[in-house]
Amino acid sequence: MFRWLRRSYQVVFLGFFLFFVLLTTAGLIRGYDVQWLLEFDPLVAVTTALASHSLHHALLWSLVIIVPTLILGRFFCSWICPMGVLHHALGFLARRRRPPDRVKQNAPRPSHKIKYLVLAVMLGLAAAGSVQIGLLDPIASTWRGLATSVMPALGNLAFGMYQGERHFQWGTLITLVFFGALALNLIYPRFYCRVLCPLGALLGLLSKFSLFRISKNPEICKGCKFCGSECQGAADPQGTVRATECMVCLNCIESCPRGGLSYRFLPPVKFSTTKIDLVRRKWLGAGVAGAVAVPFMRASDGVEPRPNPARIRPPGSLEERAFLEKCLKCAACMKVCPTGGLQPALHEAGIEGFWSPILIPRIGYCESNCVLCGQVCPTGAIEKLTIEKKVGEMPVRPPVRIGSAFFDKGRCLPWGYQTECIVCEEVCPTSPKAIYFKMETITARDGSQKTLKMPFVDLDYCTGCGICETRCPVVDRAGVRVSAANESRSPRSSISLTGGKI
Amino acid sequence: MAVRTPLFVLLALIPPAFIGWMVRDGHRAMVATAVPAGKPRPSGAEADKILLALFQGDLGGATVKEKVTLYDEKGLFDSIDGAAPIFIERHFRRQAATELATADGSDVDCAVYDMAEPANAQSIFDAEKSATAKPVTDFPDAIAGPMSFVFRASRYYVKLTAFDKKAEAALPGLAKALKGKMK
Amino acid sequence: MSSNGPPGPYDKVPAAQVPKGTQTTSTPSADTAGMDRRGVLRVGATAAMALGSVALGLGLRERGSRKQAADLPTIKDHRADKPAGATDMAIARGPDPAANVRKAIEALGGMGRFVRRGERVVIKPNIGWNRTPEQAANTNPDVVAEVVRLVVAAGAGKVWLTDASVNTPEQCFGRSGIEKAAKAAGATVVRPDASAFREVNVSGKLLRTGDVLFPFVEADRVINVPIVKQHGLSLASMSLKNWYGVLGGQRVKLHQNIHLSIIDLAAMVKPTLTILDATRILLANGPTGGSLADVKQMDTIAAGNDEVALDAFGATLLGLNPNDVGFIVEGMKAGLGTLQWQSLKTVELGG
């Protein structure tokens, strides 16, 4: 009976998760907390708190999973986790027909302790200030796979009816990783969950304290091992139940032909084990390796003070060091961005910032009256802004700047080709406009006098939104481009003396 | 066991309750739809009315001798000749020109330029200011020259011209009175 | 485990065969389910973990406060009281720079007029560039050393010597000869490392906040020891401009309004004493210099507490009219001093 309840939970939560992911678009999102699952995710809370020494208030929701896991065990993996459901469903493809073969598939293996080492490395990285957990966390990975790979592909096939044409740079990499993880289920079911998932590892560690566990009645058990044929977590119900691997799917209870298994409060200790077959040396070493990697990464790509000009962060982003202590690379901001301008970085933000969001104005600009990216960020790497705060009120209150525009006078039509244009001034959203023009009379090719409007950028007003670059008619490398300099989140980045901060 | 059925029901109710709460909670309109702050600028007839109202009431003892004439972009050339282009390129909106009489009867020429934006008024003030102009104490954005007093307040740029010493002395008071009405 | 003829995996054992309510007895704890002593311990451990998580979560929760400008420190006024009838400015000429310094300070009333026993002093020479003393881009090391010696002799509790160089500090401090000379004279040399700066209120007309080397935040007295140089943008770099060297951050932005920035900085520091080094001056291609052909030997030291006056005097050495130098005029307008240095109580001491 409860097994059917568990199945319903899986379907409902997967459906709800996907529904809210679908709603994460400018037209539909309203005030929905589309990030509810990442806010529940204990691994997100733990790693961002370790790295930034503070817990984003929304992440307190993770206690709703942590406390019940401490009591009930690793129920999240088979009742709620949408990635788990996908893996479980795909695992059906690899499922052997004969139960004894399935018992072999679900047997515990030494490789199942790898996820604890993965967790240790991730926690080590976080402790040294670099959050990379989003690369392997199942929920952040699912978000990223859906947002930058699956939905754009499906949406573009449907003539862009959903969100318009969407493209994400080197999205094929994300596709390969996402589907690769799912394809691992062809080896045996729930491969990712058993071998790699750091969230599963964390929940497994919490399950060491679980008060409710699967337990067997030794008088009844005849050793048929039928229970092991459906075990999702490879928790060895046919032997000594491994409480850290058990996902509380309750399959074993239903499979046992004699009813010898039950899920009960404080079962006899000898029927379950919480040992993870990992010597202290190994996981301490993994943690240290993670921590030590950080200064090496930072020696390779300095976070400050001379960043890549293409590292244009979403408006409301924290200063870069703090940003990297929180960004999960979940790609929710990339999904909700109404113009599709937010893209996964490759090298622009260094190794640490791989797949973190950057604005590529040639693809999409930052709409000035929009603050959706901050609204969907689950960890506060992008802070919530109001439109008033973002737009400011010049000259009294400066706007939030993400960069500044500069003219490439060789490519701009008036400057380089003696041709009238100023689309950039037309679309510039600030009041007064950051792009202004001055009249200039030149001698054209045929000798006649021609008066042109020559565009200039006023750094005090430019917010770096990039619409000038997006709309510039010079279609490949635009005649006006935006770089990250003068972004307001980073005092070291400012160019203009206006405002009086040195 | 007796606990199983109520437990089942409780667990069964959690997802719909949760989902219902999330949907209801988020169904409110997006908070970020507020109109940005700032007052809409008065324009056209409304702004003309405000401009004319500056000459009503107390003018530091002065009175309006001649009816206030309003000049727009076209008429500005008639009023100030070759000085017009530098105003027009600064988005000048309207000039109010008149002659005032001080308390003791001396004449003062008064020209008030509505420059539509404070920044434009500041710009024309800076442009016309001579290098040797002396700032006036306790009166920001004002310069007092021989027989003249020029100041900027809000979106207005004002030029007062006197023709004798007595009127010259009355200019600061007159300027202050005018400035007091400029919001 | 199973007896002979076990039921196959597909066979269901009829419920009647299964003994009901079976519970292994005998061995305690490990075999028993439910609450016994071990169970209580386990529940306690779990409860502790749960409560601990909640407490940790609530404790680490983000709080919204961010540092406001009002929390930043402000640089204090370092000026010393002027005794009645004291000299305002002293100009000493002669072949020995250290002797010139001594003569000038003596004419002003001795270092004791400016530095009390136990006070913490920071000496600010110009160590901006990777140049030798002969190239006249940095202050003469002998002048600096003599100033340090006099300050130490006056009984200062702590003597810092620092500057935020433009070229790499190791090379500037070394090639200028200043680090070696200052250390020998008893100063604590402070290199402008990233960790040496503090954010402060500048509270100027143009500049609001900035990063400043910590000795300027902590010292009781500040002594300016600049050199006289030509400068492409500001026309000259002497006493008032020397305060650029207290800044970190993005000080390259200040050139967007160089004259007013100079004044804001000078008004922020309000130094105790300035000793203007005109032993060798740089006439062209400043402030970096390089060619000895641009250097002129003047063997002069000017000292006083009016930076505007000293800079006006220095401007004349460069062949400039002080009224043409923007920051000198602005400095006078801002009330930092007078450019009519002759009108002050000045003493000139010949070679």
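Residues numbered from 1 in each chain as written. Chains lettered and ligands numbered in written order. Predicted model: local features only at pLDDT ≥ 70, side-chain atom pairs only at ≥ 80, totals over all residues. Heavy atoms only, no water.

Bringing the interface of chain C and chain A into the picture now. Counting residues at the interface gives 52 residues for chain C, matched by 48 residues for chain A. At the boundary of chain C with chain A, total buried surface from both sides reaches about 4,300 Å², with 60% on carbon and sulfur atoms. Considering only the side of chain C, the residues that lose the most area to chain A are C:Arg42, C:Glu62 and C:Lys253, jointly responsible for 16% of the buried surface there. Across the chain C-chain A interface, the total number found is 2 salt bridges. Salt-bridge contacts for A:Arg492 lead to C:Asp211; the nearest nitrogen and oxygen are separated by 2.6 Å. Put simply, chain C and chain A have 13 residue pairs in polar contact (both at pLDDT 80 or more) between them. Listed by contribution, the elements that provide at least two residues to the side of chain C that touches chain A are helix H1 (37-60) and strand S6 (209-213) of chain C. A per-element tally of the side of chain C that touches chain A places H1(C) first, with 13 residues. Residue classes in the side of chain C that touches chain A are distributed as 21 nonpolar, 18 polar and 13 charged. (Contact = heavy atoms within 4.5 Å. Buried area = accessible area lost by both parts, 1.4 Å probe. Salt bridge = Lys/Arg side-chain N within 4 Å of Asp/Glu carboxyl O. Polar contact = N/O pair within 3.5 Å; in protein donor to acceptor, adjacent residues only side chain to side chain. Helix = DSSP H or I, 4+ residues; strand = E, 2+ residues; numbered from the N terminus. Nonpolar A, V, L, I, M, F, W, Y, C, P; charged D, E, K, R; others polar.)

Residue A:Pro432 is bonded to the preceding A:Ser431 through a cis peptide linkage, with omega at -5°. With respect to the element layout, A:Pro432 can be found in the loop between helix H20 (423-427) and strand S8 (435-443). Cis geometry marks the peptide bond from C:Gly286 to C:Pro287; its omega dihedral reads 0°. Summarising the element assignment, C:Pro287 is placed in the loop between strand S10 (273-282) and strand S11 (295-304). For A:His53, which is not glycine, the phi torsion reads 60° and is therefore positive.

Residue-level contacts link 23 residues of chain B with 22 residues of chain A. Between chain B and chain A the total buried area reaches about 2,100 Å² when both faces are included, carbon and sulfur atoms providing 76% of it. Where chain B meets chain A, there are 0 salt bridges. Summed over the shared surface of chain B and chain A, the number is 4 residue pairs in polar contact (both at pLDDT 80 or more). Tallied by class, the residues present in the side of chain B that touches chain A amount to 18 nonpolar, 3 polar and 2 charged.

Below, the discussion takes up the pattern of salt bridges. All names here are of chain A. For the structure on display, the rule yields 36 salt bridges over all chains. With a closest N to O distance of 2.8 Å, Glu320 and Arg489 form a salt bridge. Of this pair, Glu320 sits in helix H15 (residues 320-324) while Arg489 sits in the segment after strand S10 (480-483), and the two are 169 residues apart along the sequence. Comparing Glu320 with Arg489, the two get one shared label, buried. Between Arg397 and Glu393 there is a salt bridge, with its nearest N and O atoms 3.6 Å apart. You can call Arg397 partly exposed: its relative accessible area is 34%. Via salt bridges that share partners, Arg311, Arg313, Glu320, Glu487 and Arg489 belong to a single interconnected network. (Buried < 20%, exposed > 50% of the residue type's maximum accessible area, 1.4 Å probe, protein only.)

Turning our eyes to something else, we now look at the pairing of strand S8 (residues 156-162) of chain B. On a regular strand, one side chain projects to one face of the sheet and the next to the other, so that they alternate. All names here are of chain B. Taking burial as the measure, the 7 residues of S8 include 5 buried ones, the bulk of the element. The pairing of strand S4 (residues 107-114) with S8 spans 7 bridges and is classified as antiparallel. Its bridge partner being in S8, Val112 is matched across the sheet by Val158. Where strand S7 (residues 148-153) and S8 come together, 6 bridges link them in antiparallel fashion. (Pairing = 2+ DSSP bridges.)

Just geometry here; none of it tells us what the structure is for.
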